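Close look at the chain arrangement
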Amino acid sequence: MSFNVYIRWTKMEIDMGKFDLLSDQRFAGLVPFTKKVWLASPTMHGEEQKYVDEAIRTNWVSTVGENIDEVERMAAKEIGCGYAVALSSGTAALHLGVRLCGEKLYGQPKLGRGALYGQRVFCSDMTFDATVNPVVYEGGEPVFIDTEYDTWNMDPDALCRAFSIYPKVRLVVVAHLYGTPGKLDEIFAICKQVRGERESLYVTEEKKAVRLRFWKCLPALTRRADHSGSRCICRQFTG
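Residues numbered from 1 in each chain as written. Predicted model: local features only at pLDDT ≥ 70, side-chain atom pairs only at ≥ 80, totals over all residues. Heavy atoms only, no water.

Attention now moves to helix H6 (residues 156-165). Regarding H6, the residues found buried are Pro156, Ala158, Leu159, Ala162 and Phe163. Projected onto a plane normal to the axis of H6, the buried residues spread over an arc of 155 degrees and lie on a single side. In this structure, H6 carries Asp157, Ser164 and Ile165 as exposed residues pointing more than 90 degrees from its buried face. Looking at the packing, one finds that the buried side of H6 touches strand S1 (120-124), strand S2 (141-145), strand S3 (171-176) and helix H7 (184-195). The N-capping residue of H6, defined by a side-chain oxygen 2.9 Å from the backbone nitrogen of Asp157, is Asp155. (Buried < 20%, exposed > 50% of the residue type's maximum accessible area, 1.4 Å probe, protein only. Helix = DSSP H or I, 4+ residues; strand = E, 2+ residues; numbered from the N terminus. Arc of directions from axis to C-beta. Contact = heavy atoms within 4.5 Å. Polar contact = N/O pair within 3.5 Å; in protein donor to acceptor, adjacent residues only side chain to side chain.)

Where H6 contacts H7, the axes come no closer than 9 Å and their chain directions differ by 15 degrees. Between H6 and H7, the angle is such that the two are roughly parallel. For the crossing formed where H6 meets H7, the hand is right-handed. Residues Pro156, Leu159, Cys160 and Phe163 of H6 form the contact with H7, whose participating residues are Glu186, Ile187, Ile190, Cys191 and Val194. Taken together, the residues that form the contact of H6 with H7 break down as 8 nonpolar, no polar and 1 charged. (Axes fitted to C-alpha atoms, helices over the stretch in contact; angles between N-to-C directions. Parallel < 35°, antiparallel > 145°, perpendicular 65-115°, else oblique. Left-handed = near helix turned anticlockwise from the far one by under 90°. Nonpolar A, V, L, I, M, F, W, Y, C, P; charged D, E, K, R; others polar.)

Attention now moves to the side chain of Glu148. Along the polypeptide, Glu148 turns up in the loop between S2 and H6. Note on Glu148: relative accessible area 5%, which makes it buried. A distance of 2.8 Å separates a polar atom in the side chain of Glu148 from the backbone nitrogen of Asp150.

Quick look at the side chain of Thr131 now. Relative to the assigned elements, Thr131 resides in the loop between S1 and helix H5 (133-137). Of note is the side chain of Thr131, whose polar atom sits 2.6 Å from the side chain of Thr127.

We now examine the pattern of salt bridges. Pairing between side chains becomes possible if they bear opposite charge and their charged atoms approach one another. Scanning the entire structure with this criterion turns up 7 salt bridges. When the shortest N-O distance is used, the salt bridge between Glu47 and Lys50 registers 3.6 Å. Given the relative accessible area of 41%, Glu47 is considered partly exposed. Judged by relative accessible area, Lys50 falls into the partly exposed class, the value being 43%. Between Lys183 and Asp150 there is a salt bridge, and its shortest N-O distance comes to 2.8 Å. (Salt bridge = Lys/Arg side-chain N within 4 Å of Asp/Glu carboxyl O.)

Let's shift gears to the nonpolar core. One finds Phe122, Ile145, Met154, Leu159, Phe163, Val172 and Cys191 to be the most contacted residues of the largest nonpolar core, which totals 18 residues. Counting residues per element, the ones that place at least two in this core are S2, H6, S3 and H7. At 6 residues, the largest contribution of residues to this core is made by H7. Ala93, Cys101, Leu105 and Cys123 belong to the second largest nonpolar core, which has 15 residues in total. (Core = buried A, V, L, I, M, F, W, Y, C linked by side-chain atoms within 4.5 Å.)

With 14 residues, helix H3 (residues 66-79) extends 20 Å between its outermost C-alpha atoms, agreeing within 8% with the 20 Å of an ideal straight helix rising 1.5 Å per residue. Here H3 has its buried residues at Ala75, Ala76 and Ile79. Buried residues along H3 cover an arc of 100 degrees about the axis, so they all sit on one side. Among the exposed residues of H3, those pointing more than 90 degrees away from its buried face are Glu66 and Lys77. Positive phi appears at Gly80, one or two residues downstream of H3, with a value of about 90 degrees. (Expected span 1.5 Å × (residues − 1).)

Take the pairing of S1 next. Buried residues dominate S1, accounting for 4 of its 5 residues. Summarising the sheet, S1 and S2 pair through 5 bridges and their orientation is parallel. Across the sheet, Phe122 pairs through a bridge with Val143, a residue of S2. Inspection of the sheet shows S1 paired to S3 by 2 bridges, in the parallel sense. For Phe122, the partnering residue across the bridge sits in S3 and is Val172. (Pairing = 2+ DSSP bridges.)

This is how it looks when you write it as C-alpha cells:
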C-alpha cells in the first residue's frame, strides 16, 4: 500500500490561498489542526552556548575536534560497531554510505562514473528525497518499494515481490519514518534468503525520528552477527 497523495494544485497556488483543501472530496471529513505541527522544532537544553563558545575559544571551529570525537565515540557505542563518522548532514551521511556499499558490491568505479552506475537500488517510497538522491548521485536507478500500513515503512511483502522482478538488485535503502522502525527482521530475512543466491546483498538504514527525535547522521558500516551482509546505518540529529 502506498500513502502517496497526488494533488493537482501547485505550491504557489497553495501559498496564494487560491483554494481550500477541505473543498476537495478526497479530504471530506478531515478536521484541520488549529496549531502548526512541527516535524522537528529547535530544542535547547542549556549547554549549547557553552560548547559553541568553547569551540571558538579553543580555535576548533572545524570538522574535527574533541566534541566531534566524543559524538562519534558515543554513536559507535550506541550502534554497537567499532567506528562512526560525523558528517555535515544526513544527506552527506547517506551519500557516503551508499558510495561505500556501491564500491564493496561492484568495485571501484571508472573515472566519471558513480559507484552504482547502471545499477538498480530498492528504496523506501515514503520518505524525504534525500533518501534516494545519493543513489542518483552515484549513477544508480532507485526502484521504489511500497509502504505498509502498520509502520508506514517499507513493506516486506512488496520487497519480496520486487526481488522476483529485479533479482539482480544488491542494495536496499530502508528509511525508518517518524520514530517507528520498519520490520527489519522480515526485511533482513528476505535479503538473507536472496543473498544465498549471490555473493552479497547490503542494506542501508536511514533512521528518522528514532530515539533522539530525528536521526540520520553518523553513518557506521557494520556487519550483522549472522554475517547476512553489511549494513550502513545513517542517523540524523535535528531539533
